[in-house]
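# A closer look at the structure
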Amino acid sequence: WVSATVGIATSLQGGDGVEATSLISAVFISLGIALVMGVIAGLTWAFILSIAPRLRASMHTTLAFALVIYGCAELLQVSGAIATLVFGITLGNLPEDLSLKMRDREISFKPVTHTEKQVYSEVVFLLKAFFFFYLGLTIRPIDFLSGAGIVALLLAVAPFAPRLPAVRWIMDRQTTTRREALLSWALVPSGLAAAVLAQIPVQLGLP
């Protein structure tokens, strides 16, 4: 979705029409290169951490390397978001005792520890808070009275309608309290990706 959104927005910015064949091929090429780049970067960084343990003293070095991966991927005109995502998946799923033997030399790979994951989750929380703060700064109350604002409000409310009968049908009334049922109905998961992707046309100056 990230590559497709960027591809469509870039094509519209250049005045060209959106052609499905070229767009799909570009998306798959971008995702493929970003996928390989993320895996190689994850293994490389795990190897660097194994031979330079002092880098682990600063947990933010991994975040800094992730930003470097993002920048390199964007310079190569591939999806930086996918590259960093695969980079994180690679680091987070490496076995504890992963090692390779090459020419009588053992090469070990150090995965991310549980403590580091907790630190990164706090950083992600702060980034989300700052992003929604930025969205609040760009929104005017009068915008909700426009046609686009009304449609946005309707789309925001729409996910709640099908969840009510689903919650009533799935949950057992004898073991589930009314409060728990209402919480299950009200807590509609909405990721940050949609809000971030919506900013791309805005940054490119598209209507």
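Below: a short report on this structure. Remember, it's a predicted structure, so these values are computed and weren't measured experimentally.

Criteria and cut-off values
Residues numbered from 1 in each chain as written. Predicted model: local features only at pLDDT ≥ 70, side-chain atom pairs only at ≥ 80, totals over all residues. Heavy atoms only, no water. Axes fitted to C-alpha atoms, helices over the stretch in contact; angles between N-to-C directions. Helix = DSSP H or I, 4+ residues; strand = E, 2+ residues; numbered from the N terminus. Parallel < 35°, antiparallel > 145°, perpendicular 65-115°, else oblique. Left-handed = near helix turned anticlockwise from the far one by under 90°. Contact = heavy atoms within 4.5 Å. Nonpolar A, V, L, I, M, F, W, Y, C, P; charged D, E, K, R; others polar. Expected span 1.5 Å × (residues − 1). Buried < 20%, exposed > 50% of the residue type's maximum accessible area, 1.4 Å probe, protein only. Arc of directions from axis to C-beta. Patch = residues over 30% accessible without salt bridge, like charges linked within 9 Å, V, L, I, M, F, W, Y side chains within 5 Å. Areas by Shrake-Rupley, 256 points an atom, 1.4 Å probe, with all protein chains shown as cover. Salt bridge = Lys/Arg side-chain N within 4 Å of Asp/Glu carboxyl O. Core = buried A, V, L, I, M, F, W, Y, C linked by side-chain atoms within 4.5 Å.

A separate point is the packing of helix α5 (residues 114-138) against helix α9 (residues 193-203). Where α5 meets α9, the closest approach of the two axes is 11 Å, and the angle between their N-to-C directions is 50 degrees. Judged on the interaxial angle alone, α9 and α5 are oblique. Between α5 and α9 the crossing geometry is left-handed. Between α5, through F131, Y134 and L135, and α9, the contact on the second element is made entirely by A195, V196 and Q199. In terms of residue class, the contact of α5 with α9 is built from 5 nonpolar, 1 polar and no charged.

Take helix α4 (residues 80-92) next. The first and last C-alpha atoms of α4 sit 18 Å apart over 13 residues, in line with the 18 Å expected at 1.5 Å per residue. Among the residues making up α4, those that are buried are G80, A83, V86, F87, T90 and L91. One side of α4 carries all its buried residues, which in axial view fall inside an arc of 135 degrees.

Taken together, the side chains of L35, V36, V39, I40 and L43 present a nonpolar region at the surface, about 400 Å² in accessible area. Assignment of secondary structure puts I40 in helix α2 (residues 20-51).

The terminal C-alpha atoms of helix α3 (residues 60-75) lie 23 Å apart, and with 16 residues this matches the ideal 22 Å at 1.5 Å per residue to within 8%. Taken as a whole, α3 has its buried residues at T62, F65, A66, I69 and A73. End-on, the buried residues of α3 take up no more than an arc of 105 degrees, which puts them together on one face. Opposite the buried face of α3, at more than 90 degrees from it, the exposed residues are L67 and L75. After α3 finishes, the residue Q77 shows a positive phi value of roughly 60 degrees.

What follows concerns the nonpolar core. W45, F65, F87 and L91 are the most contacted members of the largest nonpolar core, which has 18 residues in total. Listing elements by their share of this core, those giving two or more residues are α2, α3 and α4. Among the elements that make up this core, the one with the highest residue count is α2 (6 residues). The residues touching F87, leaving out its near neighbours within four places in the chain, are G38, A41, G42, W45, T62, F65 and A66.

Just geometry here; none of it tells us what the structure is for.
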